[in-house]
Amino acid sequence: MKWPDLSNLLQRFFSSRRKIPVLQLEVTSRCQLKCSFCPHTLLQDGWYDTDIRWDVFERYIVPYLRQVGLIYFQGWGEPLLHPRLFDMMRLAKEQGCRVGFTTNGVLLGPAVLERLVEMQSDILGLSVAGGNQVTHAMLRSGSSLKRLLTNISRLADIKQKRGSPLPKIICSYLMTRKNLLELPAFIELAASAGADEVVATNLDFTLSPEMENLRAFACPGEVIHEDYLFAVQAAEEQAGRLGLPLRVYPLQFNLDVMVCDAWPLNQIFINSRGEVAPCVYLGLPYKGVVPRYFCRQEAPFTPLNYGKITEGLTRVIKNKAAREFKQPFRYRLELTNPFLLDNPEVPAPPLPCSNCYKLFGL
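Residues numbered from 1 in each chain as written. Predicted model: local features only at pLDDT ≥ 70, side-chain atom pairs only at ≥ 80, totals over all residues. Heavy atoms only, no water.

Turning our attention to helix α7 (residues 145–162). It helps to recall that an α-helix has 3.6 residues per turn; residues three or four apart then point in one direction. Its 18 residues place the ends of α7 26 Å apart at the C-alpha level, agreeing with the 26 Å of an ideal helix rising 1.5 Å per residue. Inspection of α7 places Leu145, Leu148, Leu149, Asn151, Ile152, Leu155, Ala156, Ile158 and Lys159 among the buried residues, and these make up the whole buried set. Its buried side turned inward, α7 meets α5 (110–118), β4 (123–128), α6 (133–139), β5 (168–175) and α8 (183–193). Measuring from the side-chain oxygen of the N-cap residue of α7 to the backbone nitrogen of lysine 146 gives 3.4 Å; that N-cap residue is serine 144. Just downstream of α7, glycine 163 is the residue with a positive phi angle, here 65°. (Helix = DSSP H or I, 4+ residues; strand = E, 2+ residues; numbered from the N terminus. Expected span 1.5 Å × (residues − 1). Buried < 20%, exposed > 50% of the residue type's maximum accessible area, 1.4 Å probe, protein only. Contact = heavy atoms within 4.5 Å. Polar contact = N/O pair within 3.5 Å; in protein donor to acceptor, adjacent residues only side chain to side chain.)

This paragraph deals with the state of the cysteines. Applying the stated criterion across every chain yields a total of 1 disulfide. The side chain of cysteine 219 participates in a disulfide bridge whose partner is cysteine 295; the two sulfur atoms lie 2.2 Å from each other. Between cysteine 219 and cysteine 295, the disulfide has an S-S torsion of -95° and is therefore left-handed. Placement of cysteine 219 in the loop between α9 (209–214) and α10 (226–242) and of cysteine 295 in the loop between β10 (293–294) and β11 (297–298) is noted, with a sequence separation of 76 residues between them. Under the relative-accessibility criterion, cysteine 219 is labelled buried at 2%. Left unpaired, cysteine 279 is separated from the closest cysteine sulfur, that of cysteine 260, by 6.2 Å. (Disulfide = S-S within 2.5 Å.)

This part takes up the side chain of glutamine 24. Considering the arrangement of structural elements, one finds glutamine 24 in strand β1 (residues 20–25). From its side chain, glutamine 24 meets the backbone oxygen of glutamine 74 in a polar contact 3.2 Å long.

Further remarks concern the pattern of salt bridges. As enumerated under the stated definition, the model contains 15 salt bridges in all. Measuring nitrogen to oxygen at the nearest pair gives 3.5 Å for the salt bridge that ties aspartate 204 to lysine 358. Separated by 154 residues along the polypeptide, aspartate 204 in the loop between β6 (197–202) and α9 and lysine 358 in the segment after α12 (320–333) bring together distant segments of the chain. The buried category is assigned to lysine 358, whose relative accessible area is 4%. Ionic pairing is found between aspartate 261 and lysine 358, a salt bridge with its closest N-O pair at 3.6 Å. Placement of aspartate 261 in the loop between β7 (246–248) and β8 (268–270) and of lysine 358 in the segment after α12 is noted, with a sequence separation of 97 residues between them. Where salt bridges share partners, they join Glu212, Arg215, Glu222 and Arg296 into one cluster. (Salt bridge = Lys/Arg side-chain N within 4 Å of Asp/Glu carboxyl O.)

Counting residues in each nonpolar core, the largest one holds 117 residues, and the members touching the most others are Leu25, Phe57, Ile71 and Phe73. Residue contacts for phenylalanine 57: discarding those within four places in its chain leaves Leu25, Val62, Leu65, Ile71, Phe73, Met88 and Leu91. In this structure, Ile123, Ile170, Val199 and Tyr249 belong to the second largest nonpolar core, which totals 5 residues. (Core = buried A, V, L, I, M, F, W, Y, C linked by side-chain atoms within 4.5 Å.)

If you want it as structure tokens, here you go:
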């Protein structure tokens, strides 16, 4: 259930001088929901439903936590399904890390909310897909918008009573053709409930022609619907009036991006199988070829990782596979004029990234 742009989003909130600004750990790839756009739903045939083992976390990740600025316990599953999520968060806090996760909200009860404030979790993200219950439930089957908003209000009340600014409540609103016009309405709902921020993200990982038809942003040669632009403007104006921070991802390609905002050069993703990967997309816990689409064309890829965490994190992130993957991005950053992507001297990105929407600022 992860929303794939988390690394850059979270680094924006928590700058760090530690060697690893953000470590994203998929504690589980299991989820109770059947969201219509999620790989967990669409790729069941080869999907690994797994949890990161406690002994693996304790032995192979904890020793590195003093080098980590933020550890975000998030991947393609629901973090609260992991029986030792809070033990992991506690250990990370003891090592000086900032911590957080994004949830579908199903397991957010009063006791969980109290515990999040008590332990001073830095972020609680909530996944939203509509400005009303019908649309939200249509896209996120099994989820209740009313319950999400109730839990936001409960958490905001607990924070106020305890005088705590944490956790920061961030609503991640997935923009699609079916719900973008409802974004202004959701801004009002989020502000009324007590959210601290809303981030409107794109459907930037499409696995079927139907999903491609759902995306709201425009590929080169396509025209953005005028109504979508008006909706974004209205949402921004509404957020301004209500004093609610809002970040909306672009609806148009940016051809000047040298490195995607997952920033694989110094941020790390570890999936629930213990595989160390460049990002949450390429580290998908899946056996087989992923049927990705890009601008209405098939763009399949095979999941990629540098190796297993049990080989030692330092060794894995510096091995040959990691160096070869990262080098094209390093070359791109070293260009004296990095804004001329039609320049034949601009190195191509790693092959699996060439047909990824994130590489174009989406």
